[in-house]
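Okay, here's what each chain looks like letter by letter:
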Amino acid sequence: MKIEIKTLELLDALNKVEKGLLKNHEVLSGIKIKTAIFGEGLSLQSTNHEVMINTNITDNLQVLEKGEVLLPGKYLIDIIKKLNGEFVTLETKDNDVIIKSGRSRFKLRLLDIEKFPEFENREYTREFTLKTDLFIKLVNKTIHATSDKMSIFQGVNFKTKD
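The following paragraphs examine the structure supplied in this document. Numbering of residues begins from 1 in every chain and follows the order in which that chain's sequence is written. Confidence filtering applies because this is a predicted model: local features only for residues at pLDDT of at least 70, side-chain atom pairs given and counted only at 80 or more, and all residues used for totals across whole chains, interfaces and linings. Side-chain metrics rest on all non-hydrogen atoms present in the structure, leaving aside hydrogens and water.

1. A word on unusual backbone geometry
For asparagine 24, which is not glycine, the phi dihedral falls at a positive 60°. Helix and strand definitions here come from DSSP, where helices need a minimum of 4 consecutive H or I residues and strands a minimum of 2 consecutive E residues; each element is numbered from the N-terminal end. By secondary structure assignment, the location of asparagine 24 is in the loop between α1 (7–17) and β2 (30–35). Positive phi outside glycine occurs at aspartate 94, with the angle close to 55°. For each residue, the accessible area found with a 1.4 Å probe, counting protein chains only, is set against the maximum for its type, and the residue is called buried under 20%, exposed over 50%, and partly exposed in between. On the accessibility criterion, aspartate 94 (79% relative accessible area) is exposed.

Next up, the structure:
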């Protein structure tokens, strides 16, 4: 894989998927980067088995070689934050990815992408829109019933009726 992308565009996408990383885990601390099969596009994914985050980049990007990699998330984000070049190049060589921007050059070891869980593509048939103040009001009325200690009770279930 070889891509050239605007540094700020990549950093914005990395900040989104960072929330799904699981620290101190060999595979789930990684960010999967995958080029689009057709056309120019890049997908970034992370998961901690509770949350799966996916974001796509289509602008300010040039895909020179297609492919997919799994990179250590924290190290990748730290490196991209420190770059001061306008564009960054990510290129795989053997078991590493070379990150270049301006006069900076870094090398990161690839993680085993075969162990990364696959995303389940779902088609949602229902969509609804709520005003922000109504949404906040509904959550505030039910948030007291959630629990910090038991993961099954950490969320709020939304159901719709026709």
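2. Quick look at the pattern of salt bridges
Should the charged atoms of two oppositely charged side chains come close, the side chains can pair. Take a side-chain nitrogen of Lys or Arg and a carboxyl oxygen of Asp or Glu: if they are within 4 Å of each other, that pair is a salt bridge. Tallying each qualifying case throughout the model produces 9 salt bridges. Its salt-bridge partner being glutamate 91, residue lysine 2 comes within 3.9 Å of it at the nearest N-O pair. Taken together, the residues lysine 2 in strand β1 (residues 2–6) and glutamate 91 in strand β7 (residues 87–93) connect sequence positions 89 residues apart. Here the salt bridges do not stand alone but share partners, grouping Lys2, Glu91 and Lys100 into one network.

3. Points about the sheet that holds β1
Two pairing modes exist for strands in a sheet, parallel and antiparallel, and in both the strands are linked by backbone hydrogen bonds. The strand order across the open sheet formed by 5 strands is β5-β1-β7-β8-β9, and the pairing between neighbours is antiparallel. The sheet terminates laterally at β5 (61–65) and β9 (104–109), the two strands that pair on one side only. Averaged over neighbouring strand pairs, the angle between their axes works out to 15° when direction is ignored. Pairing geometry for strand β8 (residues 96–101) and β9, over 6 bridges, is antiparallel. Only strands that DSSP links by at least two bridges are regarded as paired with each other. Lines fitted to the C-alpha atoms define the axes, with helices restricted to the stretch that makes contact. Angles between their N-to-C directions range from 0 to 180 degrees.

4. Re the pairing of strand β4 (residues 52–57)
Alternating residues of β4 divide into Ile53, Thr55 and Ile57, all buried, and Met52, Asn54 and Asn56, none buried. Strand direction decides the pairing type here: strand β3 (residues 42–47) and β4, joined by 6 bridges, are antiparallel. Residue pairing in the sheet places leucine 42 in a bridge with isoleucine 57 of β4. Connecting β3 to the antiparallel partner β4 that follows it, the hairpin turn spans 4 residues, and histidine 49 within it adopts a positive phi of roughly 75°.

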